[in-house]
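Next come the chains, spelled out residue by residue.
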Amino acid sequence: DKFGDHLQAHASHSAALAAANAAANLSLDDDEEEEEDDDLLSLDPKDWKSQDHYAVLGLSKLRYRATLDDIIKSHRKKVLRHHPDKKAAQGRLNDDGFFKCIQKAFEILTDPTKRRQWDSVDPAISADIPSAKEKGDFYAIYGPVFERESRFSNVQPVPQLGDESTDRETVEKFYEFWYNFDSWRSFEYLDKENVDGGSNRDDKRWIEGKNKKERATRKKEDIQRVRSLVDNSFKIDPRMIKFKEEDKKKRNAKRNAREEEERKAAEAKKQAAEEAKKQAEQQQAKEEELKKQRQMNHKALKGEQRALKRIFKTANYFAASEAATVAEINSATEKQDKIIAAKPDLDDLVAVRTQIEAAIAAGNGLAVVDEIVSKL
């Protein structure tokens, strides 16, 4: 039957709520009943949509955490106390208004779809989210809010905020879950018009279109509300701040190591360039020195060659008489040129010149010249 279907639909949901209530130390005490004030007892059953269904059944403390057993137990107590037959026996005829409110609350809270619609807009449950600038204990501020919002998740169980000791993998999985939060929250309960109340088909279509548009707007706003909650939490979560700082240090360490390698490579390149430049400069200086030395040697060699020619000329080309003949001059010049051509080395030429000068001084210059030429 219909009631049996409702019971079956509530089974898994009730189990989850029971576990949550146990963790939160929430339960329905048989000896503890909520007070029924005059405002509650005077509710108009015709205005059932604005009544607090949990308060009507005495479940204000549990609200969305109430299990199906809690609802049935509370309903039974309320029926026994407010049944019209009992009121009639007390002489209070036609005093069934609150009883009708009880029955309506029971109908809604035992129907999974209707209960979700009511829980989605339960005015007694805050929908506020803390700002990213809110001061105080982060876990005490945000933990209960995430726990509150968990009731709307299609995926169960829902990871909770944890504390400062929660490991990084769990924290990251928490934010991954909430950034992809799949909510069943809907806003049909806030429909301002009853589609069945339209006077004709066009009116019904217009009313349904208006309600559908308003639901979509509220759903979009709610998705953004939850996203803002997650964004704010992620922004100031001391664990995420710590993780980011650790990541930054690691990145900086890698960057510093890379920059140090690049600096060393640049320094090595610079030193190599400077060393190459230094060697090039030294080589250039050496070549210039050698060039200068060659020029000096060449100049000195030319000087020695001229000196040797002057010796031959001063010695009158080794002629037999005071007036040298052309043949004697040519012969001596030929020997002179042979010696110069055969002695390109400055030191060798200096030694030959010195030897010839000594021979001339000794009176046997021509003989020494002939001996030197013969050995070339």
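Draft legend 1. A look at the pattern of salt bridges. Taken as a whole and judged by the stated rule, the model has 31 salt bridges. We note a salt bridge from Asp202 to Arg205, for which the minimum N-O separation is 3.0 Å. Separated by 3 residues within a single helix, Asp202 and Arg205 lie in helix H10 (residues 201-236), roughly one turn from each other. A residue is classified by how much of its surface remains accessible, and Arg205, at 51% relative accessible area, is exposed. Two residues, Asp222 and Arg225, come together in a salt bridge whose shortest N-O distance is 2.8 Å. Taken together, the positions of Asp222 and Arg225, both in helix H10 and 3 residues apart, correspond to about one turn of that helix.

Draft legend 2. Fine view of a positive patch on the surface. Residues Lys299, Lys302, Arg306, Lys309 and Arg310 make up a contiguous surface patch of positive charge. Structurally, the position occupied by Arg306 is in helix H11 (residues 238-314).

Draft legend 3. Representation of the packing of aromatic side chains. Considering all chains together, one arrives at 15 aromatic pairs under this definition. Aromatic side chains Tyr175 and Phe234 sit 5.1 Å apart centroid to centroid with 85 degrees between the ring planes, which places their arrangement in the edge-to-face category. Pair noted here: Tyr175 is in helix H9 (residues 168-179) and Phe234 is in helix H10, with a separation of 59 residues, a long-range link. We classify Tyr175 as buried; its relative accessible area is 2%. One residue, Lys49, lies across the ring of Tyr189, its end atom 5.6 Å from the ring centre. When the ring centre of Trp48 is taken as origin, the NZ or CZ atom of Lys104, which lies over that ring, is 4.2 Å away.

What counts and how
Residues numbered from 1 in each chain as written. Predicted model: local features only at pLDDT ≥ 70, side-chain atom pairs only at ≥ 80, totals over all residues. Heavy atoms only, no water. Salt bridge = Lys/Arg side-chain N within 4 Å of Asp/Glu carboxyl O. Helix = DSSP H or I, 4+ residues; strand = E, 2+ residues; numbered from the N terminus. Buried < 20%, exposed > 50% of the residue type's maximum accessible area, 1.4 Å probe, protein only. Patch = residues over 30% accessible without salt bridge, like charges linked within 9 Å, V, L, I, M, F, W, Y side chains within 5 Å. Areas by Shrake-Rupley, 256 points an atom, 1.4 Å probe, with all protein chains shown as cover. Lys, Arg positive; Asp, Glu negative; His and termini not counted. Charge placed at Lys NZ, Arg CZ, Asp CG, Glu CD. Phe/Tyr/Trp six-rings, centres within 6.5 Å; stacked < 30°, edge-to-face > 60°. Lys NZ or Arg CZ within 6 Å of the ring centre and 35° of its normal.

Keep in mind these numbers describe shape, not what the thing actually does.
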